[in-house]
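Here is what each chain is made of, one letter per residue.
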Amino acid sequence: MNTHNYLVRVKDKHWEDIQRVKTLDNCSANSIINEGIRLVVKNKLEELSTLRKNRTSLQNMVSA
């Protein structure tokens, strides 16, 4: 599996939350961050898809 090393600044309150989840879930901070990235990408793609569908529906309504 290829990886990309990227330096990131994490706000203290977010880092504290990551540490708490890490303790409760017994996983690494890296896995929590990667899971968060997957969720954000999934949500953004769904949001963009919905916007595109709405825009197409409006165009079809007007041009009909």
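Placed above this text is the structure.
Draft legend 1. Region of the structure containing the pattern of salt bridges. Applying the stated criterion across every chain, the model contains 2 salt bridges. Between Glu16 and Arg20 there is a salt bridge, with its nearest N and O atoms 4.0 Å apart. Taken together, the residues span about one helical turn, with Glu16 and Arg20 both in helix α1 (residues 12-25) at a distance of 4 residues. Residue Arg20 is joined to Asp17 by a salt bridge in which the shortest nitrogen-to-oxygen separation is 3.2 Å. Taken together, the residues Arg20 and Asp17, both in helix α1 and 3 residues apart, mark about one turn of the helix. Under the relative-accessibility criterion, Asp17 is labelled partly exposed at 39%. A network of salt bridges, in which partner residues are shared, links Glu16, Asp17 and Arg20.

Draft legend 2. Local environment of a nonpolar patch on the surface. Where nonpolar side chains cluster on the molecular surface, the patch consists of Tyr6, Val8, Val10, Trp15, Ile33, Ile37, Val41, Leu45, Leu48 and Leu51 and spans about 950 Å² of accessible area. Sort the elements by how many residues they give to the nonpolar patch and helix α2 (residues 29-63) lands first, with 6 residues. Position of Ile33 relative to the elements: it lies in helix α2.

The rules behind the values
- Residues numbered from 1 in each chain as written.
- Predicted model: local features only at pLDDT ≥ 70, side-chain atom pairs only at ≥ 80, totals over all residues.
- Heavy atoms only, no water.
- Salt bridge = Lys/Arg side-chain N within 4 Å of Asp/Glu carboxyl O.
- Helix = DSSP H or I, 4+ residues; strand = E, 2+ residues; numbered from the N terminus.
- Buried < 20%, exposed > 50% of the residue type's maximum accessible area, 1.4 Å probe, protein only.
- Patch = residues over 30% accessible without salt bridge, like charges linked within 9 Å, V, L, I, M, F, W, Y side chains within 5 Å.
- Areas by Shrake-Rupley, 256 points an atom, 1.4 Å probe, with all protein chains shown as cover.

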